[in-house]
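# Summary of the model geometry
So the chains spell out like this:
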Amino acid sequence: MAEIQSPLPGVFYRRPSPDKDPFVRDGDPVETGQVIGLIEVMKQFSEVQADTAGTLRAFEVEDGDMVNPGDVIAVVTES
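Throughout what follows, the structure given in this document is the object of discussion. (Residues numbered from 1 in each chain as written. Predicted model: local features only at pLDDT ≥ 70, side-chain atom pairs only at ≥ 80, totals over all residues. Heavy atoms only, no water.)

### Concerning the nonpolar core
Proteins that are soluble and globular tend to have nonpolar side chains buried together. In this structure, Phe-12, Ile-36, Phe-59 and Ile-73 are the most contacted members of the largest nonpolar core, which totals 15 residues. Counting residues per element, the ones that place at least two in this core are β4 (35-41), β6 (54-59) and β8 (72-78). For this core, the element with the highest residue contribution is β8, accounting for three residues. (Core = buried A, V, L, I, M, F, W, Y, C linked by side-chain atoms within 4.5 Å. Buried < 20%, exposed > 50% of the residue type's maximum accessible area, 1.4 Å probe, protein only. Helix = DSSP H or I, 4+ residues; strand = E, 2+ residues; numbered from the N terminus.)

Structure follows, in C-alpha cells:
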C-alpha cells in the first residue's frame, strides 16, 4: 500500500468545483500522476496527484478538511 500525502497546508477538496463529480472515488483505479484532489491555500489551488498506480483504497480526510504537510490524504493499493 502507498500513502498519498499532502504536500502543503490548506483545505483539501475531492472535486474540481462544488457542482462537479469527485476526481476519484474509493475503489476507483488510479494512474501515476492522476489528480485525486485539490488543496486550497489563500485562494490558490494546487493539484494532489497519485504517485503510484493502483486502486484507491480510501480517503483519510473528508472533503473540505484542513490538511498539513505530510498528512495522509488517501491510501492506494498498488497494482
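### Considering the pattern of salt bridges
Within this structure, the stated rule accounts for two salt bridges. The salt bridge partner of Asp-21 is Arg-25, with a shortest N-O separation of 4.0 Å. Assessed through its relative accessible area of 57%, Asp-21 is described here as exposed. A relative accessible area of 42% means that Arg-25 is categorised as partly exposed. (Salt bridge = Lys/Arg side-chain N within 4 Å of Asp/Glu carboxyl O.)

### Regarding the sheet that holds strand β2 (residues 10-13)
Strand order in this open sheet of four strands is β5-β4-β2-β7, and the pairing throughout is antiparallel. Of all strands in the sheet, those with a lone pairing partner are β5 (44-49) and β7 (66-67), marking the two edges. Relative to β5, β4 runs antiparallel, the two being bridged by six bridges. Among the inter-strand pairings, Glu-40 is bridged to a residue of β5, identified as Phe-45. (Pairing = 2+ DSSP bridges.)

### Looking at the sheet that holds β6
An order of β1-β8-β6-β3 is seen for the four strands of this open sheet, with the pairing classed as antiparallel. Both outer strands of the open sheet, β1 (2-5) and β3 (29-30), are each paired with one neighbouring strand and no more. Of the pairings in the sheet, the one linking β3 to β6 comprises two bridges and is antiparallel in character. Considered in β6, the bridge of Pro-29 is made with Thr-55.

### Regarding the side chain of Glu-40
Take Glu-40: it is sitting in strand β4. A polar atom in the side chain of Glu-40 sits 3.1 Å from the side chain of Tyr-13. (Polar contact = N/O pair within 3.5 Å; in protein donor to acceptor, adjacent residues only side chain to side chain.)

### Here we look at unusual backbone geometry
Phi is positive for Met-42, which is not a glycine, with a value near 50 degrees. Inspection of the secondary structure assignment puts Met-42 in the loop between β4 and β5. Looking at Met-42, the relative accessible area reads 78%, which means it is exposed.

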